[in-house]
Amino acid sequence: MTLTLERGDLILNSNYIAGRWCEAADGATLTVSNPADMQLIAEVPDSSAEEARAAADAAHEAFAAWRATPAKRRGELLKRWHALVMAHQEDLGRLISLEQGKPLVEGQGEVLYAASYIEWFAEEAPRIAGEMIAAPVAGRRMLAVKEPVGVVAVITPWNFPAAMIARKIAPALAAGCTVVAKPAEDTPLTSLALVRLAEEAGIPAGVINIVCASRGRTPEVVDAWLEDARVRKISFTGSTPVGKHLARASADTLKKLSLELGGNAPFIVFKDADLDAAVEGLMAAKFRNGGQTCVCPNRVYVQDAVLGAFADKLAVRVAALRVGPASDPASQIGPMINTRAVDKILVHIDDALTQGARLLVGGERVRADLGPNYVSPTLLADVAPAARLCHEETFGPVVPLLRFEAEEEAVAASNATPFGLASYFYSESVSRIHRVADALEAGIVGINEGAVASEAAPFGGIKESGYGREGSVHGLDDYQHIKYLCQGNLR
Ligand code: SIN
């Protein structure tokens with residue numbers, strides 16, 4: 001079966017700036033291919049600083065009118081966008097699978113996930129409110145009002161080409177900000193399609209602008225926005241080194257930042273856990289998008305008493321996973337995004353084996369009949385704490401099992417990382433649940449639950465996993481500042 005789109009009009013080959021679909025001024029392009037078979041899907045503009053500046057000009061010009069648009073109206077336009085995304089769920093899901101590689105069912109699921117953020121912030125927009133403060137002196141009225149920060153630069157990764165851009169643009173627009181966006185080089189098509197639907201929904205010209213760029217040209221696009229004092233905020237999802245660079249480079253214009261960076265999530269299974277539920281939770285958390293998520297468990301700590309039973313149950317499930325392209329509806333694990341990603345995963349597996357790990361399932365580079373971007377789902381036992389798998393984000397379908405004896409040992413090992421995005425643990429003991437949830441250093445804690453993502457929840461990390469929260473009632477805060485109004489001489 002070939003993966004095709006039913007409606008070709010969702011594959012767009014242009015930037016969108018000031019309400020116009022346009023090429024890069026110098027005509028440069030970059031190619032987008034399917035990681036399943038390396039086949040070319042489309043060419044999109046490879047933009048330069050010139051397009052980045054034009055996008056910022058457009059967003060700046062559109063800002064005054066957009067912020068003055070009543071929040072209720074902004075919400076209505078977001079609702080229309082949401083409806084169009086839902087109406088195109090099938091095609092968008094296929095497009096995600098085509099350019100990113102995830103199985104069809106996950107592509108479809110990501111469209112729902114992306115749409116849920118648009119709907120959530122459509123509903124939050126009319127609820128934007130400030131506060132009246134009880135004045136400590138007579139004759140004064142004191143108010144705190146929320147204002148949009150201004151133009152926001154949105155820089156998104158390849159692993160969730162729809163959800164990441166939706167959960168940044170939707171709150172920005174709800175708050176009254178305008179946007180310049182740059183999707184990942186590997187997966188720009190879904191983002192362009194979403195912006196096309198936003199245009200169709202009636203979101204005015206200049207409110208959303210999007211430019212595509214290759215890895216080589218991304219620095220000049222992003223630098224143009226970093227240097228531009230009119231760009232008041234950057235919202236970035238990606239690696240910690242790039243996040244740190246953006247934080248440093250934003251210092252000159254003191255931009256507000258939301259940084260959703262790398263993770264190194266622990267997953268702890270205590271001896272009092274429901275082991276079947278823990279296996280289920282781990283499968284859901286670890287193998288979503290083939291392990292290419294920031295929140296997927298990177299290290300699995302299992303208490304001695306249940307290690308054997310847990311490993312046996314898990315091995316059966318991991319060995320049963322079907323690897324293959326999204327064009328095969330039976331596939332559960334698609335290709336990795338590119339061959340570099342595969343190389344890194346295999347280096348991590350080799351490193352663990354060299355340090356004494358035992359291979360329980362998988363570990364091979366590819367299935368012979370598939371392309372170069374596939375790794376078989378892998379389960380390793382007796383992984384040494386010093387292994388790279390335990391310190392670096394592997395971003396692939398690999399589960400390293402580590403043993404522990406005491407609760408404090410598991411918590412200390414979990415926290416022994418500069419990262420702090422997600423963490424998970426399974427236990428049926430109420431007191432342990434409270435203790436461990438308090439002790440884990442992470443922005444997100446899954447307790448007897450592996451699927452934690454939700455538009456209603458504040459998503460984000462601590463430590464070197466970044467700052468800022470996406471989704472939930474807190475998701476608008478990052479796109480607003482508070483202005484204090486003090487009125488004196490009240491009579
Ligand atoms: C990510 O991997 O960056 C996001 C994952 C999610 O939203 O659940």
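Analysis parameters
- Residues numbered from 1 in each chain as written.
- Predicted model: local features only at pLDDT ≥ 70, side-chain atom pairs only at ≥ 80, totals over all residues.
- Heavy atoms only, no water.
- Helix = DSSP H or I, 4+ residues; strand = E, 2+ residues; numbered from the N terminus.
- Rg over C-alpha atoms; globule rule 2.2 N^0.38 Å.
- Buried < 20%, exposed > 50% of the residue type's maximum accessible area, 1.4 Å probe, protein only.
- Contact = heavy atoms within 4.5 Å.
- Areas by Shrake-Rupley, 256 points an atom, 1.4 Å probe, with all protein chains shown as cover.
- Lys, Arg positive; Asp, Glu negative; His and termini not counted.
- Charge placed at Lys NZ, Arg CZ, Asp CG, Glu CD.
- Phe/Tyr/Trp six-rings, centres within 6.5 Å; stacked < 30°, edge-to-face > 60°.
- Lys NZ or Arg CZ within 6 Å of the ring centre and 35° of its normal.
- UniProt positions renumbered as here; feature names shortened; annotations may be inferred.
- Pairing = 2+ DSSP bridges.
- Axes fitted to C-alpha atoms, helices over the stretch in contact; angles between N-to-C directions.
- Near = heavy atom within 4 Å.
- Polar contact = N/O pair within 3.5 Å; in protein donor to acceptor, adjacent residues only side chain to side chain.
- Nonpolar A, V, L, I, M, F, W, Y, C, P; charged D, E, K, R; others polar.
- Right-handed = clockwise from strand over helix to strand, strands pointing away.

A count of helices and strands for the protein gives 13 helices and 22 strands. Taken against the 2.2 N^0.38 rule, which gives 23 Å for 491 residues, the C-alpha radius of gyration of the protein at 23 Å falls within 12% of a compact globule. When the backbone C-alpha atoms are referred to their principal axes, the protein occupies close to 75 × 60 × 40 Å. The 491 residues of the protein split such that 58% are buried. Long-range contacts, defined here as pairs at least 24 residues apart, represent 72% of the contacts in the protein between residues at least 6 apart. Element-wise, carbon and sulfur atoms account for 54% of the exposed surface of the protein, whose accessible area totals about 18800 Å². The protein carries 48 positive and 60 negative side-chain charges, and their two centres are separated by 6 Å.

The next point concerns the packing of aromatic side chains. Inspection of the entire model under this criterion finds 8 aromatic pairs. Seen from their ring centres, Tyr16 and Trp21 are 4.6 Å apart, and the 35 degrees between their planes marks the pair as tilted. With a centroid separation of 5.4 Å and 25 degrees between ring planes, the pair formed by Phe267 and Tyr426 is classed as stacked. Within this pair, whereas Phe267 is found in strand β12 (residues 265-269), its partner Tyr426 is found in strand β18 (residues 422-426), the two being separated by 159 residues in sequence. With relative accessibility at 0%, the residue Phe267 sits in the buried group. Members of the aromatic cluster, each reached through a chain of ring pairs, are Tyr113, Tyr117 and Phe160. Across from the ring centre of Phe459, 4.0 Å away, lies the NZ or CZ of Arg167, which sits over that ring. The ring centre of Tyr479 lies 4.9 Å from the NZ or CZ of Lys233, which sits over that ring.

The positions UniProt marks with the feature "active site" (unreviewed entry) are Glu260. On the basis of relative accessible area, Glu260 is assigned to the buried category, the value being 4%. In this structure, Glu260 is in contact with Met164, Arg167, Phe236, Thr237, Gly238, Cys294, Leu421, Phe459, Ser465 and Glu470, ignoring residues within four places of it in sequence.

Looking now at unusual backbone geometry. Notably, Met38 is not glycine yet its phi reads approximately 65 degrees, a positive angle. Within the secondary structure layout, Met38 lies in the loop between β3 (29-33) and β4 (40-45). Residue Met38 is classed as partly exposed on the basis of its relative accessible area of 46%. At Phe395, a position not held by glycine, the phi torsion is positive, near 55 degrees.

Let us now look at the sheet that holds strand β15 (residues 378-381). Spatial strand order, β14-β15-β16-β13-β12-β18-β19: 7 strands in an open sheet with mixed pairing. Of all the strands in the sheet, the pair left with one neighbour each is β14 (358-361) and β19 (444-447). Each strand axis lies, on average, 25 degrees off the axis of its neighbour in the sheet, ignoring direction. In the sheet, β18 pairs with β19 via 4 bridges, with the strands oriented parallel. Across the sheet, Phe425 pairs through a bridge with Ile447, a residue of β19. Sheet strands touched by helix α10 (residues 304-319): β12, β13 (297-303), β14, β15 and β16 (398-404). Its angle to β13, the strand with the most contacts, is close to 135 degrees.

Moving on, we get to the site of the ligand. Taken together, 13 residues are adjacent to the ligand, and Tyr113, Asn159, Arg167, Arg288 and Cys294 come closest. At 2.6 Å, a side-chain N or O of Tyr113 approaches an oxygen atom of the ligand. Residue Arg167 places a side-chain N or O atom 2.9 Å away from an oxygen atom belonging to the ligand. About the coverage of the ligand: the protein hides 100% of its 260 Å² of free accessible area. Residues of the shell around the ligand, tallied by class, amount to 7 nonpolar, 3 polar and 3 charged.

A word on the sheet that holds strand β5 (residues 131-133). Across the sheet, 3 strands lie side by side as β5-β6-β22; this open sheet has antiparallel pairing. Here the strands that pair on one side only, and so sit at the sheet edges, are β5 and β22 (480-487). Taken over all neighbouring pairs, the strand axes of this sheet differ in orientation by 25 degrees on average, direction set aside. Here 3 bridges tie β5 to strand β6 (residues 141-148), and the two strands are oriented antiparallel to one another. Within β6, the residue paired with Glu131 across the bridge is Ala144.

Another point: the pairing of strand β7 (residues 151-155). For β7, the buried fraction is high: 5 of the 5 residues fall into the buried class. In β7, alternate side chains face the same way, and those of Val151, Ala153 and Ile155 on one face and Val152 and Val154 on the other are all buried. Chirality of the crossover, the property in question, places the unit of β7, helix α5 (residues 163-175) and strand β8 (residues 178-182) among those that are right-handed. Strand direction decides the pairing type here: β7 and strand β10 (residues 231-237), joined by 5 bridges, are parallel. In the strand pairing of β10, Ile155 is matched with Phe236.

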